[in-house]
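What the coordinates show
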Amino acid sequence: MSKKLKWNGTLISVQPRIRLYRSYDERWHDYSGYVLYVNGEIDGEARSFSLGVGKSVREKHQPKAGDRVAGQCLPVADPRRETAEYYKVSGFHVLERGPEPGEPPPWQGCPPELSVYRERGHRRLDKKTWKTQCRECIWGCLMPVELIIDNWNPSKVRYREETFCYGPKSCPRYRAGPTRKVPGRNGQQFDEGDWVDEDATAHRGPDE
Ligand code: SF4
């Protein structure tokens, strides 16, 4: 069994850990927990890093940006299926609580339950905007994506990453970015237009 790595640091943000599956114009999600973005030290090296954790960490510890936290972890075995660098976190504990979050955006504080993300639905989010404006927001999400190219041969898959926003549609930081293209059989391609985002979030008003 691999030896776990010790880590500690300050939470930059907590975002949902959601995997996306695509098969041409169909898509579905796997809600596995949360991703902690940390600025601190791991295995004796000072740097920023990310950790995938289960939903019980949120339930027990209510982590939020600014908290000082610590634990142990393992490197992710298959980086195509996780956007976090590390997972299998054990011994998670809060060393010190950070200050209360300021005025949004970004929305900080402890993120909601995963069912809230499912109910809210998402819009595509420009990858650069996620990196520069949204990485500290509980409504941003960097997802690993598994693309099933051929339904008749589901073992034929490709992997990539996509970014999404679950936040209020009126957020001034929001930039959609280019539409997502999904490859299919025999060189076909599905262009996921704006209507998909509009449909997924039609039940929310602009400020919800
Ligand atoms: S665009 Fe979305 S993820 Fe980015 S700050 Fe606004 S609500 Fe948060």
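As the structure is a computational prediction, the values presented were derived from the model and not from experiment.

Analysis parameters
Residues numbered from 1 in each chain as written. Predicted model: local features only at pLDDT ≥ 70, side-chain atom pairs only at ≥ 80, totals over all residues. Heavy atoms only, no water. Pairing = 2+ DSSP bridges. Helix = DSSP H or I, 4+ residues; strand = E, 2+ residues; numbered from the N terminus. Buried < 20%, exposed > 50% of the residue type's maximum accessible area, 1.4 Å probe, protein only. Polar contact = N/O pair within 3.5 Å; in protein donor to acceptor, adjacent residues only side chain to side chain. Contact = heavy atoms within 4.5 Å.

1. What to know about the pairing of strand 4 (residues 68–75)
In the sheet, strand 1 (residues 5–23) pairs with strand 4 via six bridges, with the strands oriented antiparallel. Note on strand 4: the bridge partner recorded for Asn-8 is Ala-70. Pairing analysis gives six bridges linking strand 4 to strand 5 (residues 86–96), with the strands arranged antiparallel. Following the sheet pairing, Gln-72 is matched in strand 5 by Ser-90.

2. Observations concerning the side chain of Ser-13
The topology assignment puts Ser-13 in strand 1. Given a relative accessible area of 1%, Ser-13 falls into the buried group. A polar contact is formed between the side chain of Ser-13 and the backbone oxygen of Arg-135, at a distance of 2.5 Å. Each residue touching Ser-13, except ones within four places of it in the same chain, is listed here: Val-35, Leu-36, Tyr-37, Ala-65, Arg-135, Glu-136 and Cys-137.

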